[in-house]
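Report on the structure
Chain by chain, the residues:
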Amino acid sequence: MDIKEVLRFADDLVLAKTGKHLDRLQEAVLHAGWQGKRYSQVAKEFHCTERHVGNIASKLWKIMSEILEENVNKSTFKSAMERYQVSHNSNFLNSNFLEQGNINFCTQISHPPKAPQNSPPTETSNQDNTQQKPRLDLRDAPELKTFYNSTSSPLTTLETWILEQNCRLLTITGMAGAGKSAIARNLIPQIQTQFDRIIWRSLRTSPPLEITLKNIIQFLSNQNPPNPPLPRGGEERQTSLLPRGGEERQTPLLPRGGEERQTPLLPRGGEERQTPPLVRGGEGGVFPANIDAQLSILIETLRDNRCLIVLDDVQQILSSGQLAGNYKPGYENYGTLFKLIGEIPHNSCLILNSWEPPSDILTFTDDNSAVCLLQLTGLGEAATEILREKGLLDEEYCPELIELYQGNPLWLKLVAQTINNLFNGRVSQYLSYQPVFLGDELTPILQQHYQRLSEIEKQAIALIGNESEPISFTQFMAKCQGSQGELFKAIQSLDRRGMIEKLSCETETVFTIPPVLKQYVQMIL
């Protein structure tokens, strides 16, 4: 067998075993085993670390050992395949492709096998297969502090979504102080062994998409400026994102070797645009100014490596004065990034932390859990630990205090300071005073949320806030000005922001707003 036959044969075997095709790096590992090449050569050709190649190889040799029913590693692969081929016939299968615009993305993607948390490295006779820690860039991440966990903590849910359901796009929403950044930061140590690269970036300064992409790609590719990996053997040729079975397919996607050519990427209105050329090599590379080309490089990188990306403060690229989730002018292209990562198969995950979900996130949430949304609603009983740490007395009154402040960790810390300063830590004495005291620290936080509302939302929340009892939608419609469609959208938008509460009665759903927010609304009106 020549190398093409070997790769096609191996691809069929792996597909039958796992239901997934070999990806380019896995093919390169088999190529190295067949021709006796070092993993360091593969790493150089793919512009990644030798550690990463070794990790991929370790998992692949384990699969091949199960298929061939003998111990397979880099040194025994060739003889094992020859023995197996003598007694078995191979059937070659065709790849399936998904078309997005003018780009063809292969829909068969290889997911790394799931391993138990903190499991030891796979034991193998190949000394190159040593598991190592992932590369981390957490410069924008908050400090890792005490996390108030509980049996109902969403940490377990997030871990399941990412590691077991292979969630590609995960959005965590909640009002300021709800713990979005804290839960994402505490999630990383629990799942980091399953990733090759992890990066955390904040959008607090509202950077354009070009800046965000360049920053992320340079870290993930470990090059400045980055270039996509060259095909197997260093040959320069046109290559699709995930070629299968060793076949060469021409796809105008990522230029190689500095050649200039037209690259139709994510066309608008069917037009094709030219992408600036990329020059081979790290220091001499040219980062493309065209966003479509940058997105293609990112998707390729997310397939060649398993990456975890966290984008914090996503609300900073969303508009104020409109319904929840609309982008600021000039930031609509972030929606293209989120859509591609959510819909195109790859092995990585993007986490978005935001006060509200981008509106288009909700339009392509599908049934296979590739796109997930988690709205934080407070810590519940676990928040008692916060109050205990602050030295508050009358712990039997803590559940009432937690309910008043929605279990929001930041809000509870602020009110705990007030209770300590004014009432020597006595919760019961503080609760005897009505209405709820907001304080100079909490008021500006609520003001930021209120100022983001559209006029119809402000009208709706003022009406609900002035009601002494929860209000039904029928009552709301009768009292609030505006068309039925506008009022439906206002309620839906407030719900997405986490600024109203829905309660189920016997015959209908009723709405109210949290006590803290109600006090703020009544104070400013």
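Residues numbered from 1 in each chain as written. Predicted model: local features only at pLDDT ≥ 70, side-chain atom pairs only at ≥ 80, totals over all residues. Heavy atoms only, no water.

1. Some words on the overall build of the chain
So the rule is basically this: Comment: elements are numbered from the N terminus, with helices defined as DSSP H or I runs of at least four residues and strands as E runs of at least two. Per-residue and other accessible areas were derived by the Shrake-Rupley procedure at a 1.4 Å probe size, with only the shown protein chains allowed to occlude residues.
Helices and strands together make up the secondary structure of the chain, namely 19 helices and 11 strands. Total accessible area on the chain is roughly 23,500 Å²; 45% of this is exposed by carbon and sulfur atoms.

2. What about helix α4 (residues 50–68)?
This is how it is decided: In this analysis, the expected span of each helix is defined as 1.5 Å times one less than the number of residues it contains. Burial classification: accessible surface area is computed with a 1.4 Å probe over protein chains only, and a residue below 20% of its type maximum counts as buried, one above 50% as exposed, and the rest as partly exposed.
With 19 residues, α4 ought to run about 27 Å at 1.5 Å a step, and its terminal C-alpha atoms sit 26 Å apart, in line with that. Within α4, 15 of the 19 residues are buried, which leaves the element mostly enclosed by the surrounding structure. In the stretch just after α4, Glu-69 is the one whose phi turns positive, near 60 degrees.

3. A word on helix α6 (residues 154–164)
Going by this rule: Every residue pair with non-hydrogen atoms within 4.5 Å of one another is taken to be in contact.
Listing the buried residues of α6 in full gives Leu-155, Leu-158, Glu-159, Trp-161, Ile-162 and Leu-163. At its buried positions, α6 is contacted by β4 (169–173), α7 (180–191), β7 (349–354) and β8 (371–375). Phi turns positive one or two residues past the end of α6, at Asn-166, with a value near 55 degrees.

4. Describing the packing of helix α8 (residues 209–221) against helix α9 (residues 291–304)
Condition: To get an axis, a line is fitted to the C-alpha atoms, and for a helix only the part in contact is used. The angle between two axes follows their N-to-C directions and goes from 0 to 180 degrees. Geometric relationships in this document are graded by angle, where less than 35 degrees denotes roughly parallel, more than 145 denotes roughly antiparallel, 65 to 115 denotes roughly perpendicular, and other angles denote oblique. Left-handed describes a crossing whose near helix is turned anticlockwise from the far helix through less than a right angle; right-handed describes the clockwise counterpart. Residues were grouped as follows: Ala, Val, Leu, Ile, Met, Phe, Trp, Tyr, Cys and Pro as nonpolar; Asp, Glu, Lys and Arg as charged; and all remaining residues, including Gly, as polar.
As a packed pair, α8 and α9 sit with axes 10 Å apart at the nearest point and diverge in direction by 30 degrees. For the element pair α8 / α9, the angle class is roughly parallel. Seen along the crossing, α8 lies across α9 with a hand that is left-handed. Contacts between α8 and α9 pair Leu-209, Glu-210, Leu-213, Ile-216, Ile-217, Leu-220 and Ser-221 from the former with Ile-291, Gln-294, Leu-295, Ile-297, Leu-298, Thr-301 and Leu-302 from the latter. Partitioned by chemical class, the residues of the contact of α8 with α9 number 10 nonpolar, three polar and one charged.

5. Focus on the pairing of strand β10 (residues 501–504)
In plain terms, the rule: Strand pairing is defined by DSSP finding a minimum of two bridges between the two strands.
For β10 and strand β11 (residues 509–512), the ladder comprises four bridges, and the chain directions are antiparallel. The residue bridging Ser-504 from the neighbouring strand is Thr-509, located in β11. Hairpin connection, β10 to β11: the antiparallel pair is bridged by four residues.

6. Points about the pattern of salt bridges
Here is the rule we go by: Salt-bridge detection follows one rule: a side-chain nitrogen of Lys or Arg within 4 Å of a carboxyl oxygen of Asp or Glu.
Scanning the entire structure with this criterion turns up 14 salt bridges. A salt bridge links Arg-139 to Asp-137, with the shortest nitrogen-to-oxygen separation between them at 2.9 Å. In this structure Asp-137 comes out as buried when scored by relative accessible area, which is 7%. A salt bridge links Glu-455 to Lys-458, with the shortest nitrogen-to-oxygen separation between them at 3.9 Å. Of this pair, Glu-455 and Lys-458 both sit in helix α16 (residues 455–465), three residues apart, which is roughly one turn of the helix. Connected through shared salt-bridge partners, Glu-356, Arg-452, Glu-457 and Arg-497 make up one network.

7. As for the sheet that holds β10
Within the open sheet, the three strands sit side by side as β9-β11-β10. Their pairing is antiparallel. Two strands bound the open sheet, and with one partner strand each, they are β9 (471–472) and β10. As paired elements, β9 and β11 share two bridges and run antiparallel to each other. Bridge pairing in β11 links Ile-471 to Phe-511.

8. Examining the confidence of the model for the chain
What counts here: As a per-residue quantity, pLDDT reports the predictor's confidence and falls between 0 and 100.
Considering every residue of the chain, the mean pLDDT works out to 78; 76% of them sit at 70 or more. Confidence drops under a pLDDT of 50 for residues 89–131, and excluding neighbours within four residues, the segment shows 111 contacts in the predicted structure. In the model, residues 227–284 has pLDDT below 50 throughout and makes 168 contacts with residues more than four positions away in sequence or in other chains.

9. Some words on the side chain of Asp-137
When you line up the elements, Asp-137 lands in strand β3 (residues 135–137). Once residues within four sequence positions are removed from consideration, Asp-137 is found in contact with Ile-198, Ile-199, Trp-200, Arg-201 and Phe-219.

10. A word on the packing of aromatic side chains
Spelled out, the test is: Each Phe, Tyr or Trp ring (for Trp, its six-membered ring) is paired with any other whose centre lies within 6.5 Å, and the angle between the two planes then decides the class: stacked below 30 degrees, edge-to-face above 60, tilted in between. Only Lys NZ and Arg CZ are tested; either one counts as a charge over a ring when it is within 6 Å of the ring centre and within 35 degrees of the ring normal.
Scanning the entire structure with this criterion turns up 10 aromatic pairs. Centroid distance Tyr-450 to Tyr-520: 5.9 Å. Interplanar angle 65 degrees. Geometry classified as edge-to-face. You can see Tyr-450 sitting in helix α15 (residues 439–451) and its partner Tyr-520 sitting in helix α19 (residues 515–524), a full 70 residues away along the chain. In this structure Tyr-450 comes out as buried when scored by relative accessible area, which is 13%. Seen from their ring centres, Phe-473 and Phe-476 are 5.8 Å apart, and the 45 degrees between their planes marks the pair as tilted. With Phe-473 and Phe-476 both in helix α17 (residues 473–479) and three residues apart, the pair spans about one turn of that helix. In this structure Phe-476 comes out as buried when scored by relative accessible area, which is 1%. Pairwise contacts between aromatic rings join Phe-473, Phe-476, Phe-488 and Phe-511 into one cluster. Of note, Lys-74 hangs over the ring of Tyr-39, and the distance from its end group to the ring centre comes to 5.1 Å. When the ring centre of Trp-34 is taken as origin, the NZ or CZ atom of Lys-78, which lies over that ring, is 5.3 Å away.

11. Here's the deal with the packing of α15 against α19
Relative orientation of the contacting elements α15 and α19 amounts to 80 degrees, with a least axis distance of 11 Å. On the basis of the axis angle, α15 is roughly perpendicular to α19. In this structure, α15 uses Leu-442, Thr-443, Leu-446, Gln-447 and Tyr-450 to contact α19, whose residues at the interface are Val-516, Leu-517, Tyr-520, Met-523 and Ile-524. Grouping the amino acids of the contact of α15 with α19 by side-chain chemistry returns eight nonpolar, two polar and no charged.

12. What about the nonpolar core?
Applicable threshold: Nonpolar cores are built from buried Ala, Val, Leu, Ile, Met, Phe, Trp, Tyr and Cys residues. Side-chain atoms within 4.5 Å join them into one set.
Ranked by size, the top nonpolar core spans 53 residues in total, and within it Leu-401, Tyr-405, Tyr-430, Leu-442, Leu-446, Ile-461 and Phe-476 carry the most contacts. With seven residues, helix α13 (residues 409–423) is the largest single contributor of residues to this core. Setting aside residues up to four positions removed in sequence, Phe-476 forms contacts with Ala-460, Leu-463, Ile-464, Ile-471, Leu-487 and Ile-491. Formed by 35 residues, the second largest nonpolar core is a distinct cluster that contains Leu-169, Ile-199, Leu-220 and Leu-340.

13. Thoughts on the sheet that holds β3
Backbone hydrogen bonds hold the strands of a sheet together, and the pairing may be parallel or antiparallel. Spatially, six strands are ordered β3-β5-β6-β7-β4-β8 in an open sheet, and the strand pairing comes out parallel. Edge positions in the sheet fall to β3 and β8, since each of these pairs with one other strand and no more. Strand-to-strand twist of the sheet, defined as the mean angle between neighbouring strand axes without regard to direction, takes the value 10 degrees. Bridge count for β4 against β8 is five bridges, and the pairing is parallel. Following the sheet pairing, Thr-173 is matched in β8 by Gln-375.

14. Examining the state of the cysteines
Using the following cut-off: The disulfide criterion is simple: two cysteine sulfur atoms within 2.5 Å.
The full count for this structure, using the stated rule, is zero disulfides. In this structure Cys-167 is not part of a disulfide, and its nearest cysteine sulfur, from Cys-372, lies 3.6 Å away. Judged by relative accessible area, which is 2%, Cys-167 ranks as buried.

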